[in-house]
Amino acid sequence: MREMTLSILKPDAVRRNITGAINSYFEKAGLSIVAQKRIKLPYEQAEAFYAVHKERPFFQSLCKSISSGPVVVQVLSGDGVIALNRKIMGATDPANADHGTIRKDFALSIEENSVHGSDSPENAAKEIQFFFSEIEIIP
Ligand code: CMP
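Below you will find a few notes about this structure. This is a predicted model, so every value here is computed, not measured.

Before going further, it helps to spend a moment on the overall build of the chain. A count of helices and strands for the chain gives seven helices and four strands. Seen through its C-alpha atoms, the chain measures out along the principal axes to roughly 35 × 35 × 25 Å. The 139 residues of the chain split such that 45% are buried. A fraction of 76% describes how many contacts in the chain between residues 6 or more apart in sequence connect residues 24 or more apart. Accessible surface computed for the chain: about 7,500 Å², of which carbon and sulfur atoms make up 52%.

A separate point is the pairing of strand E3 (residues 71-79). With eight of nine residues buried, E3 lies mostly within the body of the structure. Sheet analysis places strand E1 (residues 2-9) next to E3, joined by eight bridges and oriented antiparallel. If you follow Arg2 over to E3, its bridge partner there is Asp79. Two elements, strand E2 (residues 32-39) and E3, share seven bridges in a ladder whose sense is antiparallel. Note that in E3 the partner of Ile39 across the bridge is Val71.

Let us now look at the packing of aromatic side chains. Going through the model one piece at a time under the given rule, you end up with five aromatic pairs. Where Phe49 meets Phe130, the ring centres are 5.5 Å apart and the plane angle is 65°; that geometry is what we call edge-to-face. Linking Phe49 in helix H3 (residues 43-49) with Phe130 in helix H7 (residues 121-131), this pair joins segments that are 81 residues apart in sequence. Judged by its relative accessible area of 9%, Phe49 is buried. With 5.4 Å between their ring centres and 50° between their planes, Phe49 and Phe131 make a pair best called tilted. Here Phe131 lies in helix H7 and Phe49 lies in helix H3, a separation of 82 residues in the sequence. Residue Phe49 shares its accessibility class with Phe131, and that shared class is buried.

As a structural note, the neighbourhood of the ligand is formed by Lys10, Tyr50, His53, Phe58, Leu62, Thr92, Arg103, Ile110, Glu111, Asn113 and His116. Within the side chain of Lys10, a nitrogen or oxygen atom sits 2.8 Å from an oxygen atom of the ligand. Note that an oxygen atom of the ligand is positioned 3.3 Å from one of the side-chain N or O atoms of Arg103. Bound to the protein, the ligand loses 78% of the 460 Å² it would expose on its own. Grouping the amino acids of the shell around the ligand by side-chain chemistry returns four nonpolar, four polar and three charged.

Calculation criteria
- Residues numbered from 1 in each chain as written.
- Predicted model: local features only at pLDDT ≥ 70, side-chain atom pairs only at ≥ 80, totals over all residues.
- Heavy atoms only, no water.
- Helix = DSSP H or I, 4+ residues; strand = E, 2+ residues; numbered from the N terminus.
- Buried < 20%, exposed > 50% of the residue type's maximum accessible area, 1.4 Å probe, protein only.
- Contact = heavy atoms within 4.5 Å.
- Areas by Shrake-Rupley, 256 points an atom, 1.4 Å probe, with all protein chains shown as cover.
- Pairing = 2+ DSSP bridges.
- Phe/Tyr/Trp six-rings, centres within 6.5 Å; stacked < 30°, edge-to-face > 60°.
- Near = heavy atom within 4 Å.
- Polar contact = N/O pair within 3.5 Å; in protein donor to acceptor, adjacent residues only side chain to side chain.
- Nonpolar A, V, L, I, M, F, W, Y, C, P; charged D, E, K, R; others polar.

In structure tokens, the structure reads:
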């Protein structure tokens, strides 16, 4: 089933100029980038985006990290793209990520793990809406 998911290329990836390298993982896997923009997330917006994690001990540090520099936010489209993107990204902690995944190849740590991807259809819909209006998404 054709789906859409939200992807974020995090500050550690933008800083190291590897956004094109990461995009090639998506495109090689047959996913389409149907919306994309470079933004800098204010700290308060980061808190709103990661609200599901607000009770976690790493919440403040996570919000500081994602708002520390420019990010590239994207909408990816394809068959089963939510699960497929999570496979392409690899495990949250790069130490546990499979070979050939983005996080294994590029992530610096569990926090600076280069990419974010929605984890469910419900969150994908919410997260896409958080960053994009309908007219910005060109399937
Ligand atoms: P992401 O996919 O953006 O979703 C939530 C983020 O929290 C996750 O990637 C990690 O960057 C971060 N995270 C998850 N667990 C930890 C942890 N134990 N310590 C620090 N950061 C974490």
